Amino acid sequence: MLTDESSLDMSYLLERVRELKDEKAQRDAQRFEALCKAISKKRDEAVKYRKSSGIEQVWQEDQDYYEGVDMFNRSRIRYNKPYASDAPLTEQVPQTTTQCTEFINITRQFVDSAEARCGDILLPRGDWNWGAKKTPIGDDAATKTNGAQTPQDEAQQADIALRNAKGEQRIKDWLTETGYERAYRKALGSAARIGTGILKGPFPKVYKTKSVDQAGELLVREKIGPGTEFVEPEDFFPDPNCGDDIHKGQFVLERGVLSYKELEDLKRMGGEYIAEA
């Protein structure tokens, strides 16, 4: 049986718990806002730096020559995308001129030929462009100064070779599942066309598998595995302080577009801010 004093103590505890929850939510919101401001600042710096570097204009000029567009025949194009990545797509007004505007496109055939040749060398059909081998002096291999090996050393070397082969086969299976070759060819095509190709991976990605059990029920399983993707150069923003090596920078930013379904899938990651978004 609860007395009036114990009831008051319980009410005080419940009220105190609510106050602590509100204080924690307020602190979390402040930290989240500060994090958003810090990321937004870095984003703006990266966008401004890439635009001032002139690489965006180089990309657009290379793409124009690949498409057979120059300053004289641009008026024949119905829609025009300016050099700046943040500029809108504009509709061109047809102009009549007596000047010859024909563009003899010899760039596309050389670019396509270079892309195909690089693909044949770097991605041989029916074979892999890499392999796994142990180092000459392995960390777990016995080293003999006189070159002699005991039966135990030979057994250890055989075990190392077996584990090496299994690891290589596992990595190849992962690359096949992630569409590594398809993404690699897209990066090669971009590099041949505008001089820049970006391949991202490996990164954790959720994969879904569907199957039907003996009772006829549909089973959906999820697993996390490595992923490989091609990133459009227009959507990639490195740290301005990285110099000529992005690995020396503190961050890289990738611009992406999420559909409604993809935004809903983020809720599985948990977190009230993702749920609110």
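Anything mentioned here points back to the structure above.
The structure displayed is predicted, hence computed values, not measured ones.

Novice: Can you break down the pairing of strand 4 (residues 218–231) residue by residue, with the values?
Specialist: By the bridge criterion, 13 bridges tie strand 3 (residues 198–212) to strand 4 in an arrangement that is antiparallel. Looking across to strand 4, one finds that Lys205 is bridged to Gly225. Linkage of strand 3 to strand 4, two consecutive antiparallel strands, is achieved through a turn of 5 residues, within which Gly216 is found at a positive phi near 85°.

Novice: Residue-level account of the side chain of Ser190, with values.
Specialist: Considering the arrangement of structural elements, one finds Ser190 in helix 5 (residues 180–194). Taking the relative accessible area as the measure of exposure, Ser190 reaches 1% and is therefore buried. Apart from residues lying up to four places away in sequence, Ser190 is in contact with Gly195, Thr196, Gly197, Phe230 and Pro233.

Novice: Which residues make up the packing of aromatic side chains, and what values do they have?
Specialist: With the rule as written, the count across this model stands at 2 aromatic pairs. Aromatic pair Trp128 and Trp130: ring centres 6.3 Å apart, planes at 75°, arrangement edge-to-face. Its relative accessible area of 25% is what places Trp130 among the partly exposed residues. With a centroid separation of 5.6 Å and 80° between ring planes, the pair formed by Tyr180 and Tyr184 is classed as edge-to-face. Of the two residues, Tyr180 and Tyr184 both sit in helix 5, 4 residues apart, roughly one turn of that helix. The ring of Tyr66 carries Arg108 above its face, with NZ or CZ at 4.3 Å from the centroid. For Lys200, the ring lying beneath its charged end belongs to Phe203, and the centroid distance is 4.5 Å.

Novice: How would you summarise the environment of Glu232 if you had to cite specific residues and measurements?
Specialist: Along the chain, Glu232 turns up in the loop between strand 4 and strand 5 (236–238). By relative accessible area, which is 36% here, Glu232 ends up partly exposed. Once the C-alpha coordinates of Glu232 and Ala187 are considered, the two residues, 45 residues apart in sequence, prove to be 8.4 Å apart.

Novice: Go over the environment of Thr209, please, and point to the residues and values.
Specialist: In this structure, Thr209 sits in strand 3. Under the relative-accessibility criterion, Thr209 is labelled partly exposed at 37%. For the pair Thr209 and Leu219, spaced 10 residues apart in sequence, the C-alpha separation works out to 8.1 Å. Every residue in contact with Thr209, bar those within four places of it in the chain, is listed here: Leu219, Val220 and Arg221.

Novice: Could you give an account of the layout of surface pockets, with specific residues and numbers?
Specialist: In this model, the largest pocket occupies a volume close to 890 Å³. What lines the largest pocket is a set of 23 residues, and nearest its centre among them are Lys205, Glu229, Leu258, Glu262 and Leu266. The element that contributes the greatest number of residues to the lining of the largest pocket is strand 3, accounting for 7 residues. Its residues assigned to classes, the lining of the largest pocket shows 10 nonpolar, 1 polar and 12 charged. Of the pockets and cavities examined, the second largest pocket occupies roughly 320 Å³. Along the walls of the second largest pocket sit Phe32, Leu35, Cys36, Ile39, Leu253 and Glu254, which together make up its complete lining. When residues of the lining of the second largest pocket are traced back to their parent elements, those giving at least two are helix 1 (4–53) and strand 6 (252–254).

The rules behind these values
Residues numbered from 1 in each chain as written. Predicted model: local features only at pLDDT ≥ 70, side-chain atom pairs only at ≥ 80, totals over all residues. Heavy atoms only, no water. Pairing = 2+ DSSP bridges. Helix = DSSP H or I, 4+ residues; strand = E, 2+ residues; numbered from the N terminus. Buried < 20%, exposed > 50% of the residue type's maximum accessible area, 1.4 Å probe, protein only. Contact = heavy atoms within 4.5 Å. Phe/Tyr/Trp six-rings, centres within 6.5 Å; stacked < 30°, edge-to-face > 60°. Lys NZ or Arg CZ within 6 Å of the ring centre and 35° of its normal. 1 Å grid on protein atoms, 1.4 Å probe; cavity = no way out; pocket = protein on both sides within 12 Å on 5 of 7 lines; lining within 4 Å. Points joined across faces, edges and corners; volume = space filled by probe spheres on them. Nonpolar A, V, L, I, M, F, W, Y, C, P; charged D, E, K, R; others polar.

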